[in-house]
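# Architecture and fold: a report
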Amino acid sequence: MTRGKFITLEGGEGVGKTTNVAFIKDYLEQHNIAVVVTREPGGTQLAEKIRQLLLDTQSEAVSEQAELLLMFAARAQHIKHVIEPALVHGKWVLCDRFTDATYAYQGGGRNMKVSSIQWLENWVQGPLKPDLTLLLDAPVEIGMARVKKRGAVDRFESEKINFFESVRRAYLLQAELYPERIKLIKANQPLADVQRAIADVIRILLGLSSGLTSPRHGGLK
Ligand code: Z5A
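Note that the coordinates shown come from a computational prediction; the quantities given were computed from them, not determined experimentally.

Cut-offs and rules
- Residues numbered from 1 in each chain as written.
- Predicted model: local features only at pLDDT ≥ 70, side-chain atom pairs only at ≥ 80, totals over all residues.
- Heavy atoms only, no water.
- Buried < 20%, exposed > 50% of the residue type's maximum accessible area, 1.4 Å probe, protein only.
- Helix = DSSP H or I, 4+ residues; strand = E, 2+ residues; numbered from the N terminus.
- Pairing = 2+ DSSP bridges.
- Phe/Tyr/Trp six-rings, centres within 6.5 Å; stacked < 30°, edge-to-face > 60°.
- Lys NZ or Arg CZ within 6 Å of the ring centre and 35° of its normal.

### Notes on the pairing of strand β3 (residues 92–96)
Burial analysis of β3 places five of its five residues in the buried class, the great majority of the element. Burial along β3 is two-sided: Trp-92, Leu-94 and Asp-96 and Val-93 and Cys-95, pointing in opposite directions, are all buried. Pairing of strand β1 (residues 6–10) with β3, which is carried by four bridges, proceeds in the parallel orientation. Each bridged residue has a counterpart across the sheet, and for Ile-7 the counterpart in β3 is Leu-94.

### Side note on the packing of aromatic side chains
Applying the stated criterion across every chain yields a total of seven aromatic pairs. When the ring of Tyr-105 is compared with that of Tyr-171, the centres are 6.3 Å apart and the planes differ by 85°; the resulting orientation is edge-to-face. Placement of Tyr-105 in helix α4 (residues 99–109) and of Tyr-171 in helix α7 (residues 161–177) is noted, with a sequence separation of 66 residues between them. Classification of Tyr-105 as buried rests on a relative accessible area of 5%. Judged by relative accessible area, Tyr-171 falls into the buried class, the value being 3%. Taking the centre distance of 5.3 Å and the plane angle of 90° together, the rings of Phe-163 and Phe-164 count as edge-to-face. For Phe-164, a relative accessible area of 4% puts it in the buried group. Members of the aromatic cluster, connected to one another through ring pairs, are Tyr-105, Phe-156, Phe-163, Phe-164 and Tyr-171. One cation-aromatic arrangement involves Arg-75 over Phe-72; the distance from NZ or CZ to the ring centre is 4.8 Å. One cation-aromatic arrangement involves Arg-75 over Phe-98; the distance from NZ or CZ to the ring centre is 5.2 Å.

This is the structure in structure tokens:
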């Protein structure tokens, strides 16, 4: 059986990851592809419990090392019980955040050593990497304004603006380092335009397009 493809969505707060996961799922299903939708941190019973611990604003101060290790503990469960089995059975996996988020939040936001993240990535993931990562990028204040409309904020969302600027810079650095895998989508445009840009990229992965992107959509770098 042909192995499925692994697609991840990344970006800062409120850039539209969750909204567009639903769009991509529908798009792939219209092309008769079986899709497993999941998220990080989370995706299994245990990993969702770890997510609650990580997002909880009431808990004791979380050390940076504990935060990093919990992210990878959740990821280890997720890979073993959800991601790998789906890919092996030919399903495509669509994941809301993955290891690029660790480089962005723990590396960029918390200033943790990239070499520690790389070591954990190699140890936990082995050769597993996404086939495609869509990085939705928008100025921090735009994403935060969208999220604030939702009301209560979690432990990460309570951080200061500098933290999110560092996260954004670290994401953009990841995109520069891995241009073949990470496709940058401008997220501060109307949703219909964001989704046209995403569809352009997905079509390439499906082998349905030459890879030319309409400049009108201006989404793919
Ligand atoms: N984290 C970490 O630190 N390290 C790691 O390794 C991992 C994660 C994996 C949980 O993530 C936290 O975990 C996250 C990083 C950390 N920290 N935070 N904060 P999460 O994915 O659950 O949380 P999130 O990033 O805050 O997701 P979000 O706030 O739900 O944002 P989103 O999914 O990107 O946005 P959305 O819900 O799709 O859209 C937000 C609103 O904007 C909504 O009303 C939409 O209708 C609207 N929207 C979307 N697109 C548009 C456009 N184009 N125009 C206008 N309005 C739009």
